[in-house]
Amino acid sequence: MTSKNNGLSAALVSNLQDVLSKRKGVVTDGSAEEPPSTSDAAAKEEEKESDDDSKPIVLVTNGDGIDSPGLVSLVEALVREGLYNVHVCAPQTDKSASSHSMTPGETISASSVNIKGATAFEVSGTPVDCISLGLSGALFAWSKPILVISGINQGSNCGHQIFYSGAVAAAREALISGVPSLSISLNWKKDESQESDFKDAVGVCLPLINATIRDIEKGVFPKDCSLNIEIPTSPSSNKGFKVTKQSVWRKSPSWQAVSANRHPGAGNFMSNQQSLGAQLAQLGRDASAAGAARRFTTQKKSIVEIESVGVAGKTESRVKKYFRLEFVAKEEEHTDDDLDIKALEDCFVSVTPLSLLPNIDPETQAVASEWIYKYLNADQ
């Protein structure tokens, strides 16, 4: 059942329900097919090459990196469909929680990657960099794809986690550029989930992907929103799709102190994690930047590494401390069945329309306006 003003067209919902009804009780297509003969395979390959230009283009990215099992499973499934010209532009390393960050002023690299049936590049930037570059016309020859898909992310992106997510930000960047988009995440749980769950997750969301592309081609897909799709921990046991609203749930940030003595390599962590693009950018710094680097090296001699416990006392030397951030899931009771996190916990596939438009409730708008007017009038 859909809620009002959720941004989903009736045609899209109808198409989705039709597809799902035909696949009732089936998550992945388990039907057996006879292997094609050599001549048939060659004929199909020739047909594919000549037909690729006429197929709708789908651009795939993610936040976990191009080698992540979620992206690999999704791309393989899209290629198997044989309906789309699949392109991939994804980070070369894990860029989870990078939000909508970009890397202006630095050189980033885009290296071709061999993914069967797809045109793929790994990029030394963020997920948003990948989509911005992919849609710019500088990397691919085409103008723009029919759909951008970001995922499948390892870990849920419900509630306020959406603001941290690089995967959701990539879908948002596509929407900013006028391209319809989906972000897809699997509610991965440590010691419970396994890589095969991503293949099941693909089987769950593929009907929605196909319905989305059909409605885009018909011109009836909503143009002012992106869909954030959250798949439960056990995809094959899901109870169906539910249209939801973004909640205010989030994981708690937990900062852990790291001992410099127990982790002697901690000081080199960031330099070791530098992307190739960042290193290339460093080579391109001008003379003034080089001078600044020399000054920093001189200052660095006075840095004292101490245990990362408590607040550092006063000292004439500079202090360096080390910390590591982890997000910890909170146990909360959610009563509103329309919320994304509640639907996910109840084993539904949550589909939340996300808009670029500011959405502040009238009461908050009125209170904030009144306060601003009072402040302005007080100075007159």
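Structure shown above.
Each chain carries its own residue numbering, running from 1 in the direction its sequence is written. In view of the model being predicted, local features appear only for residues whose pLDDT reaches at least 70, and side-chain atom pairs are presented and counted only at 80 or more, with totals across whole chains, interfaces and linings using the full set of residues. Hydrogens and water are ignored here; the side-chain numbers use all heavy atoms of the structure.

**Student:** What exactly am I supposed to notice about the nonpolar core here?
**Tutor:** What tends to happen in soluble globular proteins is that the nonpolar side chains get buried as a cluster. Formed by 39 residues in total, the largest nonpolar core has its most connected members in V60, L78, V88, I152 and I209. With 10 residues, helix 7 (residues 196–218) is the single largest residue contributor to this core. Counting 14 residues, the second-largest nonpolar core is a separate cluster that includes L59, C130, I131 and A174. The definition of a nonpolar core used throughout is a set of buried Ala, Val, Leu, Ile, Met, Phe, Trp, Tyr and Cys residues joined through side-chain atoms within 4.5 Å. Relative accessible area decides the class of each residue, using a 1.4 Å probe on protein chains only: under 20% of the type maximum gives buried, over 50% gives exposed, and in between gives partly exposed. To qualify as a helix, a DSSP run of H or I must reach at least 4 residues; to qualify as a strand, a run of E must reach at least 2; elements of each kind are numbered from the N terminus.

**Student:** Looking at this model, I keep getting lost on the sheet that holds strand 8 (residues 241–243). Mind explaining?
**Tutor:** Strand pairing in a sheet relies on backbone hydrogen bonds. The paired strands run either parallel or antiparallel. A pair of strands is considered paired only if DSSP assigns at least 2 bridges between the two. Strand order in the open sheet formed by 9 strands is 3-4-2-1-5-6-7-13-8, with mixed pairing between adjacent strands. With one partner strand each, in any of the chains shown, strand 3 (110–115) and strand 8 form the two edges of the open sheet. Strand-to-strand twist across the sheet, computed as the mean angle between neighbouring axes with direction ignored, equals 25°. It only takes one pair of heavy atoms within 4.5 Å for two residues to be counted as in contact. An axis is simply a line fitted to the C-alpha atoms; with a helix, the fit covers only the stretch in contact. Between two such axes, the angle follows the N-to-C directions and lies from 0 to 180 degrees. Across the sheet, helix 3 (residues 69–81) lies against strand 1 (57–61), strand 2 (85–91), strand 3, strand 4 (118–123) and strand 5 (147–154), angled at about 140° from strand 5, the strand it touches most. With respect to the sheet, helix 7 is in contact with strand 1, strand 5, strand 6 (181–186), strand 7 (225–231), strand 8 and strand 13 (349–355), its orientation differing from that of strand 5 by roughly 165°.

**Student:** Teacher, can you tell me more about unusual backbone geometry here?
**Tutor:** Excluding glycine, residues mostly have negative phi values, and the peptide bonds linking residues are mostly trans. Cis geometry is adopted by the peptide bond preceding I152, which originates at G151 and carries an omega value of 5°. With respect to the element layout, I152 can be found in strand 5. For A97, which is not glycine, the phi dihedral falls at a positive 60°. Classification of A97 as partly exposed rests on a relative accessible area of 46%.

**Student:** I keep staring at the pairing of strand 6 and nothing clicks. Help me out?
**Tutor:** Within a regular beta strand, the side chains point alternately toward one face of the sheet and then the other, so they alternate between its two faces. Within strand 6, 6 of the 6 residues are buried, which leaves the element mostly enclosed by the surrounding structure. Bridging between strand 5 and strand 6 involves 5 bridges; their strand directions are parallel. In the sheet register, N153 faces strand 6, and the bridge partner there is S185. Two strands pair when backbone bridges link them, and strand 6 and strand 7 are joined in this way by 5 bridges, in the parallel orientation. Within the sheet, the bridge partner assigned to I184 lies in strand 7 and is I229. We call a crossover right-handed when, viewed with both strands directed away from the observer, the connection leading from the first strand over the helix to the second proceeds clockwise. Following the chain from strand 6 across helix 7 to the adjacent parallel strand 7, one finds a crossover that is left-handed.

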